[in-house]
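Summary of structural features
Residue-level listing of the chains:
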Amino acid sequence: IHLDVMDGHFVPNLTFGAPIIKCLKKNVTDDVILDVHLMVSKPSQWIDDIADAGGSAFTFHIEVEENIEELIQSVRSKGMRVGIALKPGTPVTSVLPYVDKIDIVLIMTVEPGFGGQSFMADMLPKVAHLRNQYPHLDIMVDGGIGPTNIDAIAEAGANLIVAGTSVFKAPDAAVPIALLRK
Ligand code: ZN
């Protein structure tokens, strides 16, 4: 379960924080991964709370004005997987110095902040670039993804696929989920 935490500052929208994630954790089985994507200006402020709430992975944005190395170490010290996310306007080269120290690179395929936006196919070269250099890296894509564009995404080399609207708005969620898996 991919959880989009927004603070109304890094992005112009508010969602939820650690208390809601904690409630969710109590209501899922232990094998469910809670993959937390922080679209917030100060991710360092939330590392302890998200870890205590049961977060499995903590992905923050490279565009934040905090020390990236320190964030990586802090997230790691709480036993969570570490992810770094890139907005569409951020070049893939910005994350390269950190790839060897993290678990996930999240390539945003829409502008972060709202659901229901159109997929930006011009982000796929970022995915392909990373996949060429890092065969075993977890490369996540997030935004506007569904059965109509999954082929190109898979070919580019992404292996962690976040789908929101295409699943939740489907008459039968099992249909798009099966197609994405295939
Ligand atoms: Zn997300």
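Further up the page is the structure itself.
Presented here is a report on the structure given in the accompanying data block. (Residues numbered from 1 in each chain as written. Predicted model: local features only at pLDDT ≥ 70, side-chain atom pairs only at ≥ 80, totals over all residues. Heavy atoms only, no water.)

Let us look at the coordination of the zinc ion. Ideal geometry at a metal gives 109.5 degrees between four tetrahedral donors and either 90 or 180 degrees between six octahedral ones. Distances from the zinc ion to its protein donors, namely His2 (NE2), Asp4 (OD), His37 (ND1) and Asp142 (OD), fall within the range 1.9 to 2.1 Å. Taken together, the four donor atoms surrounding the zinc ion define angles of 95 to 155° at the centre, an arrangement classified as irregular. Taken in chain order, the donor set of the zinc ion reads H-x1-D-x32-H-x104-D. Highlighted residues: His37 in strand 2 (residues 35-39) and Asp142 in strand 6 (residues 138-142), separated in sequence by 105 residues. For His37, a relative accessible area of 0% corresponds to the buried category. (Donors = N, O, S within 2.8 Å, 3.2 Å for Na, K, Ca; no water. Tetrahedral: all angles 85-135°; square planar, octahedral: opposite > 155°, others 65-115°. Helix = DSSP H or I, 4+ residues; strand = E, 2+ residues; numbered from the N terminus. Buried < 20%, exposed > 50% of the residue type's maximum accessible area, 1.4 Å probe, protein only.)

This part covers the sheet that holds strand 7 (residues 160-162). Read across the open sheet, the seven strands follow the order 1-2-3-4-5-6-7; overall the sheet is parallel. Two strands in the sheet have a free side with no partner beyond their single neighbour: strand 1 (2-6) and strand 7. Recorded for the sheet is a direction-independent mean angle of 20° between the axes of neighbouring strands. Alignment of strand 6 against strand 7, held across three bridges, turns out to be parallel. (Pairing = 2+ DSSP bridges. Axes fitted to C-alpha atoms, helices over the stretch in contact; angles between N-to-C directions.)

On to the layout of surface pockets, then. Quantified by volume, the largest pocket comes out at close to 1,400 Å³. Around the largest pocket, the lining is made up of 48 residues, and of these His2, Ile161, Val162, Ala163 and Gly164 lie nearest the centre. For the lining of the largest pocket, the secondary structure elements donating two or more residues are strand 1, strand 2, strand 5 (104-108), strand 6, helix 5 (150-156), strand 7, helix 6 (165-168) and helix 7 (174-181). Its residues assigned to classes, the lining of the largest pocket comprises 24 nonpolar, 15 polar and nine charged. (1 Å grid on protein atoms, 1.4 Å probe; cavity = no way out; pocket = protein on both sides within 12 Å on 5 of 7 lines; lining within 4 Å. Points joined across faces, edges and corners; volume = space filled by probe spheres on them. Nonpolar A, V, L, I, M, F, W, Y, C, P; charged D, E, K, R; others polar.)

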